[in-house]
Number of protein chains: 4
Amino acid sequence: MIPRYSRPEMANIWSPETKFRIWFEIEAHATEAMADLGTIPQEAARTIREKGGAAVFDVDRIDEIERETKHDVIAFLTHLAEIVGPDARFVHQGMTSSDVLDTTLAVQLARATDLLISDVERLLAALKTRAMEHKYTPTIGRSHGIHAEPTTFGLKLAQAYAEFDRARTRLITAREEVATCAISGAVGTFAHIDPRVETHVAAQMGLKVEPVSTQVIPRDRHAAYFATLGVVASSVERLATEIRHLQRTEVGEAEEAFGKGQKGSSAMPHKKNPVLTENLTGLARMVRAYALPAMENVALWHERDISHSSVERMIGPDATVTLDFALNRLAGVVEGLVIKPERMAANLAMLGGLFHSQQVLLALTVAGVSREDAYRMVQRNAMRAHAGEGRFKDLIMADPDIAVSISPEALAAAFDEKAHLRNVDVIFDRVFA
Amino acid sequence: MIPRYSRPEMANIWSPETKFRIWFEIEAHATEAMADLGTIPQEAARTIREKGGAAVFDVDRIDEIERETKHDVIAFLTHLAEIVGPDARFVHQGMTSSDVLDTTLAVQLARATDLLISDVERLLAALKTRAMEHKYTPTIGRSHGIHAEPTTFGLKLAQAYAEFDRARTRLITAREEVATCAISGAVGTFAHIDPRVETHVAAQMGLKVEPVSTQVIPRDRHAAYFATLGVVASSVERLATEIRHLQRTEVGEAEEAFGKGQKGSSAMPHKKNPVLTENLTGLARMVRAYALPAMENVALWHERDISHSSVERMIGPDATVTLDFALNRLAGVVEGLVIKPERMAANLAMLGGLFHSQQVLLALTVAGVSREDAYRMVQRNAMRAHAGEGRFKDLIMADPDIAVSISPEALAAAFDEKAHLRNVDVIFDRVFA
Amino acid sequence: MIPRYSRPEMANIWSPETKFRIWFEIEAHATEAMADLGTIPQEAARTIREKGGAAVFDVDRIDEIERETKHDVIAFLTHLAEIVGPDARFVHQGMTSSDVLDTTLAVQLARATDLLISDVERLLAALKTRAMEHKYTPTIGRSHGIHAEPTTFGLKLAQAYAEFDRARTRLITAREEVATCAISGAVGTFAHIDPRVETHVAAQMGLKVEPVSTQVIPRDRHAAYFATLGVVASSVERLATEIRHLQRTEVGEAEEAFGKGQKGSSAMPHKKNPVLTENLTGLARMVRAYALPAMENVALWHERDISHSSVERMIGPDATVTLDFALNRLAGVVEGLVIKPERMAANLAMLGGLFHSQQVLLALTVAGVSREDAYRMVQRNAMRAHAGEGRFKDLIMADPDIAVSISPEALAAAFDEKAHLRNVDVIFDRVFA
Amino acid sequence: MIPRYSRPEMANIWSPETKFRIWFEIEAHATEAMADLGTIPQEAARTIREKGGAAVFDVDRIDEIERETKHDVIAFLTHLAEIVGPDARFVHQGMTSSDVLDTTLAVQLARATDLLISDVERLLAALKTRAMEHKYTPTIGRSHGIHAEPTTFGLKLAQAYAEFDRARTRLITAREEVATCAISGAVGTFAHIDPRVETHVAAQMGLKVEPVSTQVIPRDRHAAYFATLGVVASSVERLATEIRHLQRTEVGEAEEAFGKGQKGSSAMPHKKNPVLTENLTGLARMVRAYALPAMENVALWHERDISHSSVERMIGPDATVTLDFALNRLAGVVEGLVIKPERMAANLAMLGGLFHSQQVLLALTVAGVSREDAYRMVQRNAMRAHAGEGRFKDLIMADPDIAVSISPEALAAAFDEKAHLRNVDVIFDRVFA
């Protein structure tokens, strides 16, 4: 997480101020539940809520206390006691630090995921708009980087839409994975706290109750969460890579909008480089990398060890902030993408209709030629066309083996360009209906 | 995937014989759909189904053809033509190799996941049985590897149960991610094939239709799938690590059953080593590692490149076979686990009741001592107990600062051992009800 | 490691036959050293060497014994005793299984690395040959996929040569990392064996002595080794990616040789796809992935646990076999690469000399224009050229601001194409001299 | 990189101030070389050096310019021009941004590695001191977490010393990998700059010349670098894990020094947790994770794309700062480690001498018993001892099969404890001599 690749909305979720506010909320809700259960005085709970609710927590002061105690939650509680006064002794009763820390992480990840989901929704909206604009814009489909058969630019974007729609679903599932609350004490046995306190805090914080915690919320949840971010980032990389390819000088079918005043290169002023999507490719590598330590965090020792903590202090912000930034950057790129149908048309025409080869192949087999023979007939003419010995259609028409195998009309029909786009509507209905 | 760590049920899913059989099924269903649509003769579809259905495909012959054509699907189709005769020309019409390959992978992964889910269910059953046996068996809970407060052995297993129940849900979701069918042609436009063929094949093969494919099924699905296996493997590692810890000489609270005739060490005949769970730790590392190339596979170029193929030829079998083996091995370990309540009791007693410290702390705050003061009073006596200057309870009782702060009865109540287990039922209800 | 991506030379290193032969060599050398030290009878050592040396170890028999004992080294020793007779009791004295296993792994990795080094040398030879052929073949250099300035095709290959020359050095270092021998007993203390036995075995097996082992050779060595393979694989990916880009339909500057009889696509007979280099991209992902579990293997518990073993049974063969296959495939691709200078020339000319922009920029600053102003003058004309409003040189020559800033001669000199290649010799000397 | 896990020495290397200062140095050296070559006026070079050398670069101002130009090097050069005046037009002539950026990264990584090497040296010194203190302190060696045979605590530390000595060597190699300079222009052809400028800058900045760059320094170098940090971090994890194990309540053989005022747990005041080494385990996961995107960075497109940049902006600081922090923390832990020989002695005695089993086994084979029979005799008594049926030595002495196979004297000698430590000196000589 570095400012260059951060948006404030997401970065704020991870600020000390936000963190301490959530800590307080959890502690306050817990004291209220305890007061309702008669464990502590109602008056104390009210005092805590009022004084703590009104206070601005002093991050520097808390840090100062932590330097002595080497324990962050104790430092906060000490500071809270400075604010609340004697009633502070009712705070955190029967709880353990992780009750606060893990529940707070759950709140932060849930909020972060809400942002990520709305990021994906912005991207989906952009993809849909541009897909509709170019629903029928023909462009060559490429497998292996080699011209295959025509498709439409809208279909490319429809694919991306479907992929990010899956990303959205995955994020919703990931949010459910991590949005749990544990207020269960030192080893998760509720030895010194009533389970109903947990139920109350969970409800107030918008979380589910963790069925069985062991001082900590189990880290398979977080592993599943960060793995999901890695998968979503990989989809970011895919669309970014597509745009990078399209912007290549020789392809030129689409390009990132170029800001006014922007300089492409310190040395070569003419260049318009796909730097945003290249950047996204790199950011995707980072988000993906964070999935690994999250998986290594699962196997904590016995009821818990604290090895996961340093990892999460880093990847909690790093993964969510980076993916949030990336999704927004990608949405912006798609919204502003300069799309060039004329270059698509020119590229489509490059190989002189070679992309009809499969139609010819099919027509030959329908006409009774064996698949093997038909393949050979088409391939030899394709190779000659490729070698510049003539246009594919002309060569096919002139091939004597083909001429004796199929009627001229059936052969001509195999060169119908419209055939390739006849099912675009079907696919769009599947994706957008 | 090596025989040492493979079970035949899973390995068979990935055999050439299974693969070619699925290929044939897909092609046969597709020809039947085409025949129903009137694209090809009904008679041809019947011949294909009958002759292909009765045939045993000759893996060596197919390999031989592939060595020449350097294309596996063409090699298969050529062999199929040898079996079916002239009607073979109606096979694969308007389809592309990936229609067969990707749909086959979907079938294999779906079947593999069914096995994985039943593996998890075997493990869940074992965990539940052992958890019930030891629901109230007291054992020390440990955070940081250090004695914390009592829990029960049943709770440890209940936690594992809840974790693998999540694993089960994740596997079901992962199966849905990959169980899709694409029969959409060269760049996914259905240029030469009716989308209803895809619908028919999908239904027959027990898959959903892929809404938009581009020659290939998009690889974000597979990335999500293999990432899920990595998360499940991490849970395997967690439980395996727990058992390894429990079997340590100094801990001795549980151990893997030791087979008759088994030798623990070539040099040290007395040793009973947790080799199965250590092995599981290593296997988990492998399954986790496979998630990464699966994520890197997502960003294929344009409508597809084939870089994902070599990865999947490896991790398809490797990840599923290894995880299947690991889950079964782990289930076996849990089923046979030698559990030693007497060692648990001895370990619990090791620190002379120091684990009551939080109860004392709470009692002091309830009696009106500030949290800070209470913490200091308890800690200093805990440190003395730790240093061997006396039993914790005796030291606490003798502390004059404490004596003036709390009644002897309230203090004695803080040393009640039963308090720690009073919510075991609540947690079991959450997990198993 | 699957047959499709294996070469027999490398696969054989990992066969059971090879493994048992190395096990025997280690045991035999150890007994000879013990005999020389007087620990065991010379006659016994001779018998062991002769009978074991002449025997063909029966892999099935050893497997059968292992199924009972669940210990591979004991199974082998039992089988060896069947061959050698009573003197077999002098085999393995004071040793532990890992002495044999780890030293064997060292031998296998050393041999594997020798193959990998010779693979790289084949690749280096191919790169040098093709680089020399195309030392001065002009081609456009591309940054961000966008035309930048001219370079030569030879320089592209010289870069790859330099990179794989580094790969060669890294492999030599990696070989040194792992080529150590440990014969130090149960916890590495030489409690029951003389350190001179280790020295002798090391010398005979071509290894260095491991200074301090703890039953096992420390796994940081193997982590460094597999990480190195991951880096080398990443270089494979880079060159493979370059070729994939060059073979794109729109670029067409180079392509993989296309075998006779090879079929590009089951559906589109005209296609010549860069399938070998795409395949290499996937294989690189796999080799890279294996680095991670190797790193996770480092932190074994205390003097050793066996979690590393399952990982190494997999990645030992998988990583070396796959990288060996990949390096050879890449060497073959480079050797046979179809290079198309005419397409390079055509692509170079595409943008009408826009690549002279930096020369113009420099000429303007030399003529006294500030860098900022010069940049603006050049950029605006570059943008116009890019938009199709004229050839870059014509636009520059016609720009009145430029005309007043620089002499026509100096400006014309900035369009000299030869300038770009004047230091090719310097670079070639650095790389190949 | 977060303040909690950063040391200022390392963090400063990555500050904007440091970066701009290095940028200036590179530009200034380059202009001086150009002046010496007569390309630009000597006076200009002097002015640039003097004014730029005296200036404090205004980070906010540079950021402001970058917001407009979206190009960091241009922003810096613009700011430099504000400081230097008209002669600034001679700065950066014929260079490309990456010449500055990549050479700067080389300088930063070289400096960072110097710190890391000195961190390792601090750690080595601590390990040596403590190893010497406890050279002969007996402790049980453990394989699989199970008591094996005695070793010494000094040997444990000697192993760690040898491992970090290898880490030191690896860091030196890694530094050489990345410490190269490229000043070669837009696509690395020296089209507009004399290669002697590069030679001069390299020498002045303490770097080697990059033999062939392509606008960028090839990223296989950085991949090798960050992979090395991942390996070193894994060694940190190993030693940290060892200490965590030793500090377990049941083991108690060593523990982290506990700071005055430190609080172990908010809930359980008695606890002394190995939080530093647990933290190191987590940090190691992070450093390891950064190796992956570094490897993915290698395959840049053609002469370069900028996808590596965002990755390196993150992992450059993150990996070096985190590893620096970890190494220092680990050194501190080792320096202050509380080592408890009395607990080691108690643990050694736990199993009643069972660790003599291999000596007995050996003595039996020397006495003529077959290995198989000897193994069975020893194992059955070991199992009985393990089951609490008597002390191992007593059981062995009483076994009638053993009694008839070996003399009482030879059997008694097999229970000599000193034998285990007789080669400690040999190993120490290997490691420390």
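Residues numbered from 1 in each chain as written. Chains lettered and ligands numbered in written order. Predicted model: local features only at pLDDT ≥ 70, side-chain atom pairs only at ≥ 80, totals over all residues. Heavy atoms only, no water.

Some words on the relation of the copies chain A and chain B
Part 1 of the argument: The two copies are related by a screw operation: chain A maps onto chain B through 180° of rotation and 0.0 Å of translation along the axis, at an RMSD of 0.0 Å. Look at the turn and shift together and you get a two-fold axis relating the two. The C-alpha atom lying nearest the rotation axis in chain A is that of A:Ala227; the distance is 3.1 Å.
Part 2 of the argument: When the interface residues of chain A are mapped onto chain B, 100% of them again lie at the interface, so the same face is used by both copies. (Least-squares fit on C-alpha atoms with pLDDT ≥ 70 in both. Contact = heavy atoms within 4.5 Å.)

Digging into helix α15 (residues 371-386) of chain A
Part 1 of the argument: Over its 16 residues, α15(A) runs 22 Å from end to end, which matches the ideal 22 Å to within 8%, given 1.5 Å per residue.
Part 2 of the argument: Restricting attention to buried positions, one finds in α15(A) the residues A:Arg371, A:Ala374, A:Tyr375, A:Met377, A:Val378, A:Gln379, A:Asn381, A:Ala382 and A:Ala385.
Part 3 of the argument: In this structure, the buried side of α15(A) is in contact with α14 (357-366), α16 (392-398) and α17 (400-403) of chain A together with α5 (72-84) of chain B. (Helix = DSSP H or I, 4+ residues; strand = E, 2+ residues; numbered from the N terminus. Expected span 1.5 Å × (residues − 1). Buried < 20%, exposed > 50% of the residue type's maximum accessible area, 1.4 Å probe, protein only.)

Points about the interface of chain C and chain B
Part 1 of the argument: Residue-level contacts link 59 residues of chain C with 59 residues of chain B.
Part 2 of the argument: Where chain C abuts chain B, roughly 4,700 Å² becomes buried across the two surfaces, and 58% of that area is made up of carbon and sulfur atoms.
Part 3 of the argument: Connecting chain C to chain B are six salt bridges.
Part 4 of the argument: Between C:Arg244 and B:Asp305 there is a salt bridge; the shortest N-O distance is 2.9 Å.
Part 5 of the argument: When residues of the side of chain C that touches chain B are traced back to their parent elements, those giving at least two are α4 (59-69), α5 (72-84), α9 (220-247), α10 (275-289), α11 (291-296) and α12 (307-336) of chain C. (Buried area = accessible area lost by both parts, 1.4 Å probe. Salt bridge = Lys/Arg side-chain N within 4 Å of Asp/Glu carboxyl O.)

Re the interface of chain A and chain B
By a widespread convention, an interface's size corresponds to the accessible area lost as its parts come together.
Part 1 of the argument: The partner chain B presents 92 residues to the 92 residues of chain A that form the contact.
Part 2 of the argument: Around 7,900 Å² of area is buried between chain A and chain B when both sides are counted, 58% of it from carbon and sulfur atoms.
Part 3 of the argument: At the boundary of chain A and chain B, one finds 12 salt bridges.
Part 4 of the argument: In this structure, A:Arg430 engages B:Glu198 in a salt bridge whose closest nitrogen and oxygen atoms are separated by 2.5 Å.
Part 5 of the argument: Applying the counting criterion to the chain A and chain B interface returns 35 residue pairs in polar contact (both at pLDDT 80 or more).
Part 6 of the argument: Residue contributions to the side of chain A that touches chain B peak at 15 residues, all from helix α9 (residues 220-247) of chain A.
Part 7 of the argument: Partitioning the side of chain A that touches chain B into residue classes produces 41 nonpolar, 27 polar and 24 charged. (Polar contact = N/O pair within 3.5 Å; in protein donor to acceptor, adjacent residues only side chain to side chain. Nonpolar A, V, L, I, M, F, W, Y, C, P; charged D, E, K, R; others polar.)

So, the packing of helix α9 (residues 220-247) of chain D against helix α10 (residues 275-289) of chain D
Residues and elements named next belong to chain D.
Part 1 of the argument: It is the contact of α9 with α10, at a shortest axis distance of 8 Å, that shows an interaxial angle of 160°. Regarding the angle of α9 to α10, the classification is roughly antiparallel. Once α9 is placed against α10, the crossing between them reads as left-handed. Taking contact as the criterion, the partners of Leu229, Gly230, Ala233, Ser234, Val236, Glu237, Ala240, Thr241, Ile243 and Arg244 in α9 are, on α10, Thr277, Glu278, Leu280, Thr281, Ala284, Val287 and Arg288.
Part 2 of the argument: Of the residues in the contact of α9 with α10, the class split is eight nonpolar, five polar and four charged. (Axes fitted to C-alpha atoms, helices over the stretch in contact; angles between N-to-C directions. Parallel < 35°, antiparallel > 145°, perpendicular 65-115°, else oblique. Left-handed = near helix turned anticlockwise from the far one by under 90°.)

Let's talk about the domain arrangement of chain A
Part 1 of the argument: Under the domain assignment used here, chain A contains domain 1 (1-93), domain 2 (95-345) and domain 3 (354-414).
Part 2 of the argument: A separation of 77 Å is found between the C-alpha centroids of domain 1 of chain A and domain 3 of chain A. (Domains from an automatic or database assignment.)

Re the packing of aromatic side chains
Part 1 of the argument: For the coordinates displayed, the defined rule picks out 42 aromatic pairs over all chains.
Part 2 of the argument: Residues A:Phe57 and A:Phe76 carry aromatic rings whose centres are separated by 5.3 Å and whose planes lie at 70° to one another, so their mutual orientation is edge-to-face. Of this pair, A:Phe57 sits in the loop between α3 (42-54) and α4 (59-69) while A:Phe76 sits in helix α5 (residues 72-84), and the two are 19 residues apart along the sequence.
Part 3 of the argument: Through a chain of ring-to-ring contacts, the aromatic side chains of A:Phe20, A:Trp23, A:Phe24, A:Phe57 and A:Phe76 assemble into a single cluster.
Part 4 of the argument: Just above the ring of D:Trp301 sits the side chain of A:Arg244; from NZ or CZ to the centre is 3.8 Å. (Phe/Tyr/Trp six-rings, centres within 6.5 Å; stacked < 30°, edge-to-face > 60°. Lys NZ or Arg CZ within 6 Å of the ring centre and 35° of its normal.)

Examining the side chain of D:Thr241
Part 1 of the argument: Inspection of the secondary structure assignment puts D:Thr241 in helix α9.
Part 2 of the argument: Of note is the side chain of D:Thr241, whose polar atom sits 2.6 Å from the backbone oxygen of D:Glu237.
Part 3 of the argument: Filtering out sequence-adjacent residues up to four positions away, D:Thr241 remains in contact with A:Trp301, C:Ala299, C:Trp301 and D:Thr281.

A look at helix α8 (residues 195-205) of chain B
Part 1 of the argument: Buried within α8(B) are the following residues: B:Pro195, B:Val197, B:Glu198, B:Val201, B:Ala202 and B:Met205. Considered in projection along α8(B), the buried side chains sweep an arc of 150° and stay on one side of the axis. Away from its buried face, by an angle of more than 90 degrees, α8(B) presents the exposed residues B:Arg196 and B:Ala203.
Part 2 of the argument: If you follow the buried residues of α8(B), they end up packed against α19 (424-432) of chain A together with α2 (16-36), α6 (97-133), β3 (180-181) and β4 (208-209) of chain B.
Part 3 of the argument: The backbone nitrogen of B:Arg196 has a side-chain oxygen 2.8 Å away, supplied by the residue at the start of α8(B), namely B:Asp194.
Part 4 of the argument: After α8(B) finishes, the residue B:Gly206 shows a positive phi value of roughly 75°. (Arc of directions from axis to C-beta.)

Things to note about the environment of A:Leu229
All names here are of chain A.
Part 1 of the argument: Inspection of the secondary structure puts Leu229 in helix α9.
Part 2 of the argument: Taking the relative accessible area as the measure of exposure, Leu229 reaches 0% and is therefore buried.
Part 3 of the argument: Sequence-wise, Leu229 and Thr18 are 211 residues apart; in three dimensions their C-alpha atoms are separated by 22 Å.
Part 4 of the argument: When neighbours within four sequence positions are excluded, Leu229 is seen to be in contact with Leu116, Leu171, Val287, Ala319, Thr320 and Leu323.

Looking at the packing of helix α7 (residues 153-178) of chain D against α9(D)
All names here are of chain D.
Part 1 of the argument: Contact pair α7 / α9: the axes reach a minimum separation of 9 Å and the direction vectors enclose 165°. One way to sum up the angle between α7 and α9 is to call them roughly antiparallel. The chirality of how α7 crosses α9 is left-handed.
Part 2 of the argument: Class assignment of the residues belonging to the contact of α7 with α9 gives a composition of 15 nonpolar, four polar and eight charged.

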